[in-house]
Amino acid sequence: MKDRHKRQDRPPRKAPAAAADTGRRATIARALSKLGYCSRTQAERLVAEGRVTVDGRVVRDLETWVDVEKARIAVDGQRVAAERPVYYMLNKPRGLVTTRHDPQGRATVYDCLKGLDQAHLSPVGRLDKASEGLLLFTNDTAFAQRLLDPETHVAKTYHVQIDRQPDAALLAALAKGVVHDGEHLRATGAAVLRQGERNAWLEIVLDEGRNRHIRRMLEALDIACLRLVRVAIGGLTLGNLEKGAVRPLAPDEVDDLRNLTGIRDKHG
């Protein structure tokens, strides 16, 4: 009888094996991230330190599943409530790294977010140090994950300066794809924007984003990438946003992006 009561006193910890981490049910670290409290990695550390409770009980098992809407989740005794989702776009300047803290002391994209509550804002994907252009920030982790998911095939458009005049064979090669370090890399579309005597600008569209995707494609074709600027994500364009400037997305811009990811409910 004692053993049975012990079992009844334990909170349910794990979802059935077939359950998916979707909707409003999530593992405890994911739940804290979904609520905008912290990153998933930070949440895992809080759980390991015994600082997280669910319905009044300390949770240390990272495989604990909770209902994000119904469970009373607290950190250090303070209940965690869902933050209002916010969405920003930055025109990233060249020379900044896409990280919150850089061990080498280099300038980061967060230097452009002064005046904003940065605590729970995370970049949606990355642009490397030498790349420029449209970079999104949000505290809506579900939105960010769907936007980055290769299965959603959200188009990202880049303007790329190369060190030569392109021809039809080059554009065909980018569309067909190349192999670099064992990975097949291809562009959804490639077209010439303008060209001079020694270099040219291409418009390259990707529907997935692997590490240094465009630079590695060009490198495999022995072409130097002189500049790389992301100008659009889906139908959201960089427009006339000044270099280093940041602005909130309008509700209809958020809705358009959410629809592209398959998240149909309206923003706000």
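The protein carries the name Pseudouridine synthase in an unreviewed UniProt entry, which gives Gellertiella hungarica as its organism. Here the protein is described in UniProt, under the heading Sequence similarities (unreviewed entry), as follows: "Belongs to the pseudouridine synthase RsuA family."

Caption draft 1: Inspection of the pairing of strand β7 (residues 87–92) at higher detail. Most of β7 sits inside the fold, with 6 of its 6 residues counted as buried. Both faces of β7 are covered, namely the face carrying Y87, M89 and N91 and the face carrying Y88, L90 and K92. As defined by bridge partners, β7 adjoins strand β9 (residues 132–138) across 6 bridges and the pair is classed as antiparallel. Within β9, the residue paired with L90 across the bridge is L135. Strand direction decides the pairing type here: β7 and strand β17 (residues 246–248), joined by 3 bridges, are antiparallel. Directly across from L90, in β17, lies its bridge partner V246.

Caption draft 2: Looking closely at the pairing of β9. By the criterion of burial, β9 is predominantly enclosed, with 7 of the 7 residues buried. Of the pairings in the sheet, the one linking strand β8 (residues 122–123) to β9 comprises 2 bridges and is antiparallel in character. For P123, the partnering residue across the bridge sits in β9 and is F137.

Caption draft 3: Focus on helix α3 (residues 40–48). Of the positions making up α3, those classed as buried are A43, L46 and V47. Buried residues of α3, viewed axially, fall in a sector of 100°; they line one side. Away from its buried face by more than 90 degrees, α3 exposes T41 and A48. The elements touched by buried residues of α3 are α2 (28–34), β2 (52–54) and β5 (73–75).

Caption draft 4: Region of interest: the side chain of S33. Secondary-structure assignment places S33 in helix α2. Classification of S33 by relative accessible area gives buried; the value is 5%. S33 has contacts with C38, S39, R40 and T141, leaving out every residue within four places of it along the chain.

Caption draft 5: Focus on the packing of aromatic side chains. Under the criterion given, the structure shown has 2 aromatic pairs. Between Y87 and F143, the aromatic rings sit 5.1 Å apart at their centres with planes inclined by 80°, giving edge-to-face as the arrangement. In this pair, Y87 is assigned in strand β7 and F143 in helix α4 (residues 141–148), connecting sequence segments 56 residues apart. Each member of the pair Y87 and F143 is classed as buried. The interplanar angle of 80° and the centroid separation of 5.7 Å between the aromatic rings of Y110 and F137 together place this pair among those described as edge-to-face. In this pair, Y110 is assigned in the loop between β7 and β8 and F137 in strand β9, connecting sequence segments 27 residues apart. F137 carries the same exposure label as Y110, and that label is buried.

Caption draft 6: Spatial organisation of unusual backbone geometry. At H153, a position not held by glycine, the phi torsion is positive, near 55°. With respect to the secondary-structure elements, H153 resides in the loop between α4 and β10 (156–162).

Caption draft 7: Layout of the environment of A250. Note that A250 resides in the loop between β17 and α7 (251–261). It is 8.5 Å that separates the C-alpha atoms of A250 and Y87, two residues lying 163 residues apart in sequence.

Caption draft 8: A look at the nonpolar core. Judged by nonpolar contacts, the single largest core of 31 residues is most densely connected at V160, I204, I214 and M217. Looking at this core, the element that brings in the most residues is strand β14 (residues 200–206), giving 4 residues. Shared between two domains, this core holds at least three residues of each, these being domain 2 (87–150 + 237–261) and domain 3 (155–233). Excluding its chain neighbours within four sequence positions, the residues that come into contact with V160 are A200, W201, L202, I204, I214, L218, C225, R227 and L228.

Here is what the cut-offs are and how they apply
- Residues numbered from 1 in each chain as written.
- Predicted model: local features only at pLDDT ≥ 70, side-chain atom pairs only at ≥ 80, totals over all residues.
- Heavy atoms only, no water.
- UniProt positions renumbered as here; feature names shortened; annotations may be inferred.
- Buried < 20%, exposed > 50% of the residue type's maximum accessible area, 1.4 Å probe, protein only.
- Helix = DSSP H or I, 4+ residues; strand = E, 2+ residues; numbered from the N terminus.
- Pairing = 2+ DSSP bridges.
- Arc of directions from axis to C-beta.
- Contact = heavy atoms within 4.5 Å.
- Phe/Tyr/Trp six-rings, centres within 6.5 Å; stacked < 30°, edge-to-face > 60°.
- Core = buried A, V, L, I, M, F, W, Y, C linked by side-chain atoms within 4.5 Å.
- Domains from an automatic or database assignment.

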